[in-house]
Amino acid sequence: MTAPAITATAVPRFDRHEGAALQRVEYRRMARQLRGLDAAAWSAPTDCPEWTVRDMAAHVLGGLEGNASPREGAHQMWVAWRSDRTFVDGLGVVQIRDRAGVAPVEILRRFEAVIDRAVRARERMPAALRALPLRFTAPSGVERMRLRDLLDTVYLRDAWMHRVDIARAAGTSLELTADHDGRIVADVVGEWARRHGQPFRLDLDGPAGGRFAEGDGGEDVHLDAVEFCRIVSGRAPGPGLLTQEVVF
């Protein structure tokens, strides 16, 4: 018997505690992934233009260290705002540039050491600060959200998608489970549905997949769950409603 489709826009958003719990799992999975790479894999190109696997790891490490240390976070934001790139691209540039001389083994050591401090800082941010509005230019266009959306959701999606990128670049398997990755994908589907506002049926295959729908009629989409996220993140082309991007 086929399970009924989940109403996409009814998928609950992450609160600070669920977001933090998922982030701890996600970063530890990435640490295991990085620990298993050989020297050639660290220099492999990824789906993000100009970034190798090592650059991607340095970027994620930079985000963690920027949250764990207010001084480091302020430095990254100051440089990114003054960059001639978009704010999101500027952050990536400074995070990678500042860690350019760090060996992979040291990147991994620092990565594992900072996970709990960074996630705890995000989770414990005061409510008044978490409610601050943000406006920035991302690959998907001008984005507006609250700081809590960045802390609870976007950092998680960013790490998850980069774990996908690294697996593809290194040619390694991707650790996926329904309770963790399926929850992340469902949240992406919910936001995607809210953004385009059209009826659809969506069947996603794989451990992170599920059946989703909104309204009556509309497009009928069937593909792998990870590939769906690659498409709506802007990493791969897609037709119809799949042209609607989501922030990762």
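Quantities reported herein were computed from a predicted structural model and do not represent experimental measurements.

Reading the values: rules and limits
Residues numbered from 1 in each chain as written. Predicted model: local features only at pLDDT ≥ 70, side-chain atom pairs only at ≥ 80, totals over all residues. Heavy atoms only, no water. Helix = DSSP H or I, 4+ residues; strand = E, 2+ residues; numbered from the N terminus. Contact = heavy atoms within 4.5 Å. Areas by Shrake-Rupley, 256 points an atom, 1.4 Å probe, with all protein chains shown as cover. 1 Å grid on protein atoms, 1.4 Å probe; cavity = no way out; pocket = protein on both sides within 12 Å on 5 of 7 lines; lining within 4 Å. Points joined across faces, edges and corners; volume = space filled by probe spheres on them. Nonpolar A, V, L, I, M, F, W, Y, C, P; charged D, E, K, R; others polar. Expected span 1.5 Å × (residues − 1). Buried < 20%, exposed > 50% of the residue type's maximum accessible area, 1.4 Å probe, protein only. Axes fitted to C-alpha atoms, helices over the stretch in contact; angles between N-to-C directions. Parallel < 35°, antiparallel > 145°, perpendicular 65-115°, else oblique. Left-handed = near helix turned anticlockwise from the far one by under 90°.

Caption draft 1: Expanded view of the overall build of the protein. The number of helices and strands found in the protein is 10 helices and six strands. Dimensions of the protein, computed from C-alpha atoms along their principal axes, come out at roughly 55 × 45 × 35 Å. Restricting the contact set of the protein to residue pairs at least 6 apart, pairs at least 24 apart contribute 62%. Carbon and sulfur atoms provide 54% of the accessible area of the protein, an area that totals close to 11800 Å².

Caption draft 2: Summary view of the layout of surface pockets. Empty space within the second largest pocket amounts to approximately 350 Å³. Taken together, 15 residues make up the lining of the second largest pocket; nearest its centre are R13, D149, R157, E191 and R194. Contributing elements (two or more residues each) for the lining of the second largest pocket: β3 (141–146), α8 (147–170) and α9 (181–196). In terms of residues, the lining of the second largest pocket owes the most to one element, α8, which gives six residues. Residues that form the lining of the second largest pocket fall into these classes: three nonpolar, one polar and 11 charged.

Caption draft 3: Representation of α8 within the structure. In a regular helix each residue adds 1.5 Å, so 24 residues correspond to 34 Å; α8 covers 33 Å between its end C-alpha atoms and thus fits that length. Taken across its 24 residues, α8 has 18 buried, putting it largely inside the fold. Positive phi appears at G171, one or two residues downstream of α8, with a value of about 70 degrees.

Caption draft 4: Representation of the packing of α9 against helix α10 (residues 225–232). The interhelical angle for the contact between α9 and α10, taken along N-to-C directions, is 45 degrees, at an axis separation of 11 Å. Relative to α10, α9 is oriented oblique. Seen from above, α9 lies across α10 with left-handed handedness. Within the contact between the two elements, α9 uses V185, V188, V189 and W192 and α10 uses A225, F228, C229 and V232. Along the lines of polarity and charge, the residues of the contact of α9 with α10 split into eight nonpolar, no polar and no charged.

Caption draft 5: Geometry of the packing of helix α4 (residues 70–82) against helix α5 (residues 87–97). In the contact formed by α4 and α5, the axes pass within 8 Å of each other and the chain directions differ by 125 degrees. Considering their axes alone, α4 and α5 lie oblique with respect to each other. For the pair α4 and α5, the crossing hand works out as right-handed. Judged by residue contacts, H75, Q76, M77, V79, A80 and W81 of α4 engage F87, G90, L91, V94, Q95 and R97 from α5. Grouping the constituent residues of the contact of α4 with α5 by class yields seven nonpolar, four polar and one charged.

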